[in-house]
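Architecture and fold: a report
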Amino acid sequence: LVPIGAAAAAVVVAGLAWRKLRGRSEEEAVLEALKRIDRAHQAPFSKPNELEYCAAVERWAVRLRRLAGEEISTTLRLGARAQHLERGAIPRKSYPEGRDPYLRWREAVKKRQGQRVEEILSDLASSLGRSSVSRVKGLVAKSLPLRPHTAMSKGGGSDSLQAGDAEMQCIEDAACLVFLEQELKDGFAEGKDDAKMVDIFQKTWRKMSRLAHEQALTLEYSPRMLGCIAMAIAEVEAPPCERSRSLLPVPALSEETRQVLADTWACCISTSYADWGEAWYEELCQSPGYADELGKVLSFPVCRAENIAKTVAELISLLPATEEDQTTALDIGGASAPKSHFAQLLRAAALLAQKQVGLRLRHLDPLRVALVAAACKKGAAGLSGPDAEKRCSRAWEAFSYAVGGQIAPLLMLSDPTEDFAGAVATALPTPGAVPCAALLAANGLGLVEMSLRIVQRKRQGTGLPSGGEAISSEVVVELGAWRSSACRAAGADAHAYCGFLAAAVFDTGGEERLARRARWTRRCTKQPLIVADFALRGLQAAEVAVDQVKAGARSAIGDLIAGGSLLLESARLALKMADMNLEGASKGDMEDLLQQARELHEHCETLAGAWHRAVGRS
């Protein structure tokens, strides 16, 4: 029995030793695989800094998996470490110039990289597992499907969330983050204009997951790159209707005002961007309701102090010297894009802030006040003379309204009713009477349109005429178009009034001031006349429709009367505002608008009489 027992014990010990050896050999195999991959990165035909690049990809992959609540797997670690493996083995010049040959070259490089890492790991397959080696090959060759945020959002079901390979997406995210974090700092953007960089950032953003997006917004960028990234994200994330909306002219501030801005801004950021950004936040914290609203709005990672300052820096650099400077189109991805970089950046920032953090029109006034206060507190020392503080204040007031003239119209047209009313109540002088008149007209047109649609539906339901003349579908379509135009006029007035404040009230420098004042006064006068015109068109349609609605849908007559009454009051209010703008204006510059106002006044009173008679009949 003794020999048998000894033999059994030897078997057990040997088994335990084998298990321990096998476990250690797997760990050793991973370490050996990493060493071999690192040696391959240092081959003569490897690209410079190839080893540093893949180490950065690996670090990001580890971080992303931990943020997702998981540890990095062996296959993901090896796949990340082997990125860009011997990328110079197939020279680009071995393929012809052009996009198609370039894409063929990239595919050949990726295929070779996958085969090469499989070759490196082949004799370790018994320890790593053949399936693991095969998976590492797929991760390096990028032959596995991605799972970007666009794929995850399609369909909205649980199946869509599982589309693609999570580890392949992790490597793509890590590579994109290395590009944004390191390669931009290493001069990637040199020689590339803003349009090219925006196009590159759009493609990068589309490939990334939402987790990677969050991390990208925590990185540090130069003012120019921050602006390009904001424009790119807006192009990807904003609804098509917002992206296609044309931008409005930017007030051309005088050379004197632009110089004051440059001198004071240099003083503001003499210590650091973050220093001025913190000063801006300190001013903002003093505004009522900061803790309840604005603090939450600005809690988004990208809204940190230094990025606020960098955005201001980029906007100052983009201010056009004249309105004619805004005629050079920015071509992005082969499509015609907005003309002004200044306006485009502001639209992008506003769209993202509205969608991501709930920016509303009522927030603009405290943001603007804090901007002027922080700039004057930090920057006035950059000017000399007894009126330095006054010059600084006026220049930054002008700049703040140039900014507001681009943001206010966008937010005005998409704010909920309660938010719009809250914005009217702020100290920001827009939205004022004309936007309110415009939305009054839009609601009036909507009520008239609704009344006619009710009549149409009743007639279609019975198949029989209900008395009165048939309602033309063209009239209903026209009412809808006028309603949209009235809404746009509200935004256009906000832009015109902010432009007037920027270029003709707070910007007092330059010999062109009178010309700027006349140009922006004209724009401020045109909008109420446009509102009055559409309101009177709707009122005329309502007057004609009284008998039709009375005969075809008696229940809708109250809505029609309400709509017509709103339109009449809207026209009168808009004309009153136009009259105020025309008072004291040079007749030579405004003669056509004076004549248009007189004609609209006459038309308004004629229609008012007809409308009251029609209502009396109802």
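To start, this report covers the structure provided alongside it.

In terms of helices and strands, the protein chain carries 26 helices and two strands. By residue count, 48% of the 618 residues in the protein chain fall in the buried class. For the protein chain, the proportion of contacts with a sequence separation of at least 24, taken over those separated by at least 6, is 78%.

Let us now look at the nonpolar core. Grouped together as the largest cluster of nonpolar side chains are 161 residues, with contacts concentrated most on Leu180, Phe201, Trp276, Trp280, Trp396 and Phe399. Sorting elements by how many residues they give to this core places helix α20 (residues 388-412) first, with 14 residues. What Phe399 contacts, discounting residues up to four positions off in sequence, is Leu253, Leu261, Val312, Leu315, Ile316, Leu319, Phe342 and Leu371. The next biggest cluster of nonpolar side chains, apart from the first, holds 18 residues, and it includes Ala29, Leu78, Ala82 and Leu128.

Turning our attention to the pattern of salt bridges. By the definition in use, this model includes 39 salt bridges. A salt bridge links Asp38 to Arg81, with the nearest nitrogen and oxygen atoms 2.7 Å apart. Linking Asp38 in helix α1 (residues 2-41) with Arg81 in helix α3 (residues 74-81), this pair joins segments that are 43 residues apart in sequence. Each member of the pair, Asp38 as well as Arg81, carries the same accessibility label: buried. In this structure, Asp199 and Lys203 form a salt bridge, with 3.2 Å as the shortest nitrogen-oxygen distance. Note that Asp199 and Lys203 are positioned in helix α10 (residues 194-207) at a spacing of four residues, about one turn of the helix. With a relative accessible area of 14%, Asp199 lands in the buried category. Each of Glu32, Arg36, Arg39 and Asp123 takes part in one network of salt bridges that share partners.

Attention now moves to the side chain of Gln406. Mapped onto the fold, Gln406 is located in helix α20. There is a polar contact of 3.2 Å between the side chain of Gln406 and the backbone oxygen of Pro249. Not counting the four nearest positions on each side in its chain, Gln406 is found in contact with Leu248, Pro249, Val250, Phe342, Ala343, Leu346 and His495.

This part takes up the packing of aromatic side chains. We describe a pair of aromatic rings using the distance from one ring centre to the other and the angle between the two ring planes. What the rule picks out here adds up to nine aromatic pairs. Ring plane angle 40° and centroid distance 5.8 Å describe the contact between Tyr102 and Trp105, whose orientation is recorded as tilted. A residue pair is termed a helical-turn pair when its members lie 3 or 4 positions apart in one helix, as Tyr102 and Trp105 do in helix α4 (residues 99-121) at three residues. In this structure Tyr102 comes out as partly exposed when scored by relative accessible area, which is 29%. Ring geometry for Phe179 versus Phe201: centroids 6.2 Å apart, planes at 50°, classification tilted. Taken together, the residues Phe179 in helix α9 (residues 166-183) and Phe201 in helix α10 connect sequence positions 22 residues apart.

Below, the discussion takes up the side chain of His363. Structurally, His363 can be placed in the loop between α18 (341-357) and α19 (364-379). Judged by its relative accessible area of 4%, His363 is buried.

Okay, helix α21 (residues 417-424) next. Within the sequence span of α21, burial applies to Asp419, Phe420 and Ala423. Buried residues along α21 cover an arc of 100° about the axis, so they all sit on one side. Turned more than 90 degrees from where α21 packs its buried face, Thr417 and Glu418 sit exposed.

On to the packing of helix α24 (residues 513-552) against helix α25 (residues 557-582), then. Axis separation between α24 and α25 bottoms out at 8 Å; the angle between their running directions is 160°. Accordingly, the angle class assigned to the pair α24 and α25 is roughly antiparallel. Classified by chirality, the crossing of α25 by α24 is left-handed. Partitioned by chemical class, the residues of the contact of α24 with α25 number 22 nonpolar, six polar and one charged.

Next up on the list: unusual backbone geometry. A cis amide bond links Thr430 with the next residue in sequence, Pro431, at an omega value of 5°. Tracing the backbone through its elements, the reader meets Pro431 in the loop between α21 and α22 (433-462). Look at His84: it is not a glycine, yet its phi comes out positive at around 60°. Relative to the helices and strands, His84 is located in the loop between α3 and α4. Phi is positive for Lys142, close to 55°, though the residue is something other than glycine.

For the pair helix α15 (residues 273-285) and helix α17 (residues 305-318), interaxial distance at closest approach is 7 Å and the crossing angle is 100°. Considering the angle they form, α15 stands roughly perpendicular to α17. Between α15, through Tyr273, Ala274, Trp276, Gly277, Glu278, Trp280 and Tyr281, and α17, the contact on the second element is made entirely by Ala305, Glu306, Ile308, Ala309, Lys310, Val312 and Ala313. Of the residues in the contact of α15 with α17, the class split is ten nonpolar, one polar and three charged.

Taking 1.5 Å per residue as the helical rise, α17 with its 14 residues ought to reach 20 Å, and the 20 Å between its terminal C-alpha atoms agrees with that figure. By the criterion of burial, α17 is predominantly enclosed, with ten of the 14 residues buried. Residues of α17 that are buried include every one of Ala305, Asn307, Ile308, Ala309, Lys310, Val312, Ala313, Glu314, Leu315 and Ile316, and no others. Contact partners of the buried residues in α17: α12 (223-237), α14 (255-268), α15, α18, α19 and α20.

What follows deals with the state of the cysteines. Here, the word disulfide means a covalent bond between the sulfur atoms of two cysteines. Counting across every chain of the model gives zero disulfides. Here Cys392 stays free of any disulfide, with the sulfur of Cys376 as its closest cysteine sulfur at 3.6 Å.

Conventions and cut-offs
Residues numbered from 1 in each chain as written. Predicted model: local features only at pLDDT ≥ 70, side-chain atom pairs only at ≥ 80, totals over all residues. Heavy atoms only, no water. Helix = DSSP H or I, 4+ residues; strand = E, 2+ residues; numbered from the N terminus. Buried < 20%, exposed > 50% of the residue type's maximum accessible area, 1.4 Å probe, protein only. Contact = heavy atoms within 4.5 Å. Core = buried A, V, L, I, M, F, W, Y, C linked by side-chain atoms within 4.5 Å. Salt bridge = Lys/Arg side-chain N within 4 Å of Asp/Glu carboxyl O. Polar contact = N/O pair within 3.5 Å; in protein donor to acceptor, adjacent residues only side chain to side chain. Phe/Tyr/Trp six-rings, centres within 6.5 Å; stacked < 30°, edge-to-face > 60°. Arc of directions from axis to C-beta. Axes fitted to C-alpha atoms, helices over the stretch in contact; angles between N-to-C directions. Parallel < 35°, antiparallel > 145°, perpendicular 65-115°, else oblique. Left-handed = near helix turned anticlockwise from the far one by under 90°. Nonpolar A, V, L, I, M, F, W, Y, C, P; charged D, E, K, R; others polar. Expected span 1.5 Å × (residues − 1). Disulfide = S-S within 2.5 Å.

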